[in-house]
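# Per-entry structural report
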Amino acid sequence: MRAIESAIDELGGHLCAEGGKDCTIYSSCEPCLMCMGAILYAGIGRLVYAATIQDSRFAVNEILAPSKDVAKFCVNRKIEIVPELEREKAAKVLREWKSHSRA
């Protein structure tokens, strides 16, 4: 959410040409339901993420809704989703964070 807000602020209230379809957002983990909704609403054209929403169960309690499934319900905007870039490294970070936060 903050990345989207920052991009809008930086670009003077607009993401990119034609509502952001030329923009790519990178995330260490597949976005939660709320963040995926914001990405689609902003019209960002490409999402690249590392760990999956299933991997995030190590770190947080949230609704496990895969991004591709959420994107299906957005009829006015299309998004390219590039999943699991360096997934194992990102999932390891989530597991380590969770184990340290319990200590």
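Presented here is an overview of the structure given in this document. (Residues numbered from 1 in each chain as written. Predicted model: local features only at pLDDT ≥ 70, side-chain atom pairs only at ≥ 80, totals over all residues. Heavy atoms only, no water.)

With that out of the way, let us pick up the sheet that holds strand β1 (residues 24–29). Sheet architecture is open: three strands sit in the order β1-β2-β3, paired in parallel fashion. Each edge of the open sheet carries a strand with a single partner, namely β1 and β3 (80–82). With direction set aside, neighbouring strand axes in the sheet form an average angle of 20°. Direction of pairing for β1 relative to strand β2 (residues 46–51): parallel, over a ladder of five bridges. Across the sheet, the residue bridging to Ser27 is Tyr49, located in β2. (Pairing = 2+ DSSP bridges. Helix = DSSP H or I, 4+ residues; strand = E, 2+ residues; numbered from the N terminus. Axes fitted to C-alpha atoms, helices over the stretch in contact; angles between N-to-C directions.)

This next bit is on helix α3 (residues 33–42). Within α3, burial applies to Cys35, Met36, Ala38, Ile39, Leu40 and Ala42. In the stretch just after α3, Gly43 is the one whose phi turns positive, near 80°. (Buried < 20%, exposed > 50% of the residue type's maximum accessible area, 1.4 Å probe, protein only.)

Let us now look at unusual backbone geometry. Here Glu84, not a glycine, exhibits a phi torsion of approximately 60°, which is positive. By the secondary structure assignment, Glu84 is in the loop between β3 and α5 (87–102). In this structure, Glu86 is a non-glycine residue whose phi angle is positive, near 60°. Here Glu86 lies in the loop between β3 and α5. Relative accessible area serves as the criterion here: at 48%, Glu86 is assigned to the partly exposed category.

On inspection of all chains with the given rule, the structure shows six salt bridges. A salt bridge links Glu80 to Arg46; the nearest nitrogen and oxygen atoms lie 3.6 Å apart. Note that Glu80 is positioned in strand β3 and Arg46 in strand β2, a separation of 34 residues in sequence. Residue classification places Glu80 among the partly exposed residues on the basis of a relative accessible area of 43%. Linking Asp55 and Arg87 is a salt bridge whose minimum nitrogen-to-oxygen distance equals 2.8 Å. Linking Asp55 in the loop between β2 and α4 (67–72) with Arg87 in helix α5, this pair joins segments that are 32 residues apart in sequence. Taken together, the shared-partner salt bridges in this structure form one network comprising Asp55, Glu84 and Arg87. (Salt bridge = Lys/Arg side-chain N within 4 Å of Asp/Glu carboxyl O.)

The next thing to look at is the pairing of β2. Among the six residues in β2, five count as buried, and that is most of the element. Regarding topology, α3 serves as the crossover connection from β1 to the parallel β2, and that connection is right-handed. Pairing of β2 with β3 involves three bridges; the strand directions are parallel. Counted as the bridge partner of Leu47 is Ile81 from β3. (Right-handed = clockwise from strand over helix to strand, strands pointing away.)

If you trace the backbone, Ser67 turns up in helix α4. Look at Ser67 and you get buried, because its relative accessible area is 1%. Setting aside chain neighbours within four positions, we find Ser67 in contact with Glu30, Pro31, Met36, Leu47 and Ile81. (Contact = heavy atoms within 4.5 Å.)

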